[in-house]
Amino acid sequence: MERLEPLAREREHQSFLDYYYALKDNEPVEWERAWEVLSVQETYFWREMSQIDALTKTIIPQWFQKHMTPFRIWCAASATGEEPYSIAIALAEAGLDVYPIQITASDASPMALKKAGRAIYRERSFRSLPLELRQKYFKPVEDGWKLDDKIIARVKFRQANLAESADVAALARVNVIFCRNVFIYFSPHAVRQTVANMASRMPAGGHLFVGAAESLLRMTSDFDLQEIDNAFAYVRIR
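Bear in mind the structure is a predicted one, so any value in this text is a computation, not a measurement.

Thresholds applied
- Residues numbered from 1 in each chain as written.
- Predicted model: local features only at pLDDT ≥ 70, side-chain atom pairs only at ≥ 80, totals over all residues.
- Heavy atoms only, no water.
- Helix = DSSP H or I, 4+ residues; strand = E, 2+ residues; numbered from the N terminus.
- Expected span 1.5 Å × (residues − 1).
- Buried < 20%, exposed > 50% of the residue type's maximum accessible area, 1.4 Å probe, protein only.
- Disulfide = S-S within 2.5 Å.
- Phe/Tyr/Trp six-rings, centres within 6.5 Å; stacked < 30°, edge-to-face > 60°.
- Contact = heavy atoms within 4.5 Å.
- Patch = residues over 30% accessible without salt bridge, like charges linked within 9 Å, V, L, I, M, F, W, Y side chains within 5 Å.
- Areas by Shrake-Rupley, 256 points an atom, 1.4 Å probe, with all protein chains shown as cover.
- Salt bridge = Lys/Arg side-chain N within 4 Å of Asp/Glu carboxyl O.
- Pairing = 2+ DSSP bridges.
- Axes fitted to C-alpha atoms, helices over the stretch in contact; angles between N-to-C directions.
- Parallel < 35°, antiparallel > 145°, perpendicular 65-115°, else oblique.
- Left-handed = near helix turned anticlockwise from the far one by under 90°.

Now for helix α5 (residues 82-93). With 12 residues, α5 should cover 16 Å at 1.5 Å per step; its first-to-last C-alpha distance of 16 Å lies within 8% of that length. Burial runs high along α5: 10 of the 12 residues are buried. Burial in α5 covers these residues: E82, E83, P84, Y85, S86, I87, A88, I89, A90 and L91. Of the residues flanking the end of α5, it is G95, one or two places downstream, whose phi is positive at about 75 degrees.

Listed below in structure tokens is the structure:
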């Protein structure tokens, strides 16, 4: 609420209830401003890599042993792009970029998506990325480090709100969803609703990764928690 207070005052609303009704009327400009204030864009390269390692070492190789159809990944709430770009780099390092793998990344914040599209990052984003990978995939520019164009081209960004069923439905028909460190900001009801929307589109055997501090136990019966290598994933059951 504190984050929204300056916006409510600027619009000369007398209460948060008045501001709520302004948002409820679906004013596009006001929604964009609210998302910029509320969005949490704290992320970095090579975060929680055990899950991405499970993807590149086990999940994707097993898929292409049986299929030649594209393997689809959705990074929900991808903020400024470090997560999907980490996946693209990991695929290249594993020699998997020769396969038809599609990465879609989304966020509710237009500003975050703009930054992701520029793919220029500063030191804070590299706290976990090995130096040799930074030197291999980034080049220094005036205001930071620019990601290699070939890696940028592997990721398609679009705006989406996880609280909107239609947005989730449009993106969730994939093999793997990364929705990490997002649900900690949701109410239990919102988590259940979002996960149910994802499950309704995901194929059986699809994998959902959430953050290490998050749990969907008692939140859903559509997924089975499984350990894959040294990571945990929620696997879509029939």
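That shown, we press on.
On to the state of the cysteines, then. On inspection of all chains with the given rule, the structure shows 0 disulfides. Distance from the sulfur of C179, which forms no disulfide, to the nearest cysteine sulfur (C75) is 9.9 Å.

Enumeration over the complete set of coordinates arrives at 11 aromatic pairs. Here F64 and Y99 contribute two aromatic rings whose centre-to-centre distance is 4.6 Å and whose plane-to-plane angle is 20 degrees, an arrangement assigned as stacked. You can see F64 sitting in helix α4 (residues 49-66) and its partner Y99 sitting in the loop between α5 and β2 (101-107), a full 35 residues away along the chain. Overall, F64 belongs to the buried group, its relative accessible area being 11%. Looking at Y99, the relative accessible area reads 32%, which means it is partly exposed. Between Y85 and F157, the aromatic rings sit 5.5 Å apart at their centres with planes inclined by 70 degrees, giving edge-to-face as the arrangement. Taken together, the residues Y85 in helix α5 and F157 in strand β6 (residues 155-159) connect sequence positions 72 residues apart.

Within the secondary structure, H207 sits in strand β8 (residues 207-209). Other than its neighbours up to four places away in sequence, H207 contacts I59, N175, V176, I177, M202, I228, A233, Y234 and V235.

This part is about a nonpolar patch on the surface. Taken together, the side chains of M68, V98 and Y99 present a nonpolar region at the surface, about 340 Å² in accessible area. Within the secondary structure, M68 is located in the loop between α4 and β1 (71-75).

Taken as a whole and judged by the stated rule, the model has 5 salt bridges. Of the charged contacts, one joins E93 and K136 as a salt bridge, the two residues approaching to 2.7 Å between their closest N and O atoms. Of this pair, E93 sits in helix α5 while K136 sits in helix α7 (residues 131-137); the two residues are 43 residues apart in sequence, bridging distant segments of the chain. Look at E93 and you get partly exposed, because its relative accessible area is 39%. The salt bridge partner of K146 is D149, with a shortest N-O separation of 3.8 Å. Residue D149 is classed as exposed on the basis of its relative accessible area of 54%.

With that settled, consider the sheet that holds strand β4 (residues 138-141). In spatial order, the strands read β3-β5-β4; together these 3 strands make up an open sheet with antiparallel pairing. Two strands lie at the open edges of the sheet, namely β3 (120-121) and β4, each paired on one side alone. Summarising the sheet, β4 and strand β5 (residues 144-147) pair through 4 bridges and their orientation is antiparallel. Bridge pairing links F138 to L147 in β5.

Here we take up the packing of α4 against α5. It is at 10 Å that the axes of α4 and α5 come closest, and there the two elements cross at 45 degrees. By the angle between their directions, the pair α4 and α5 is classed as oblique. The hand of the α4/α5 crossing is right-handed. From α4, I52, L55, T56 and I60 reach across to α5, where they touch S86, I87, A90 and L91.

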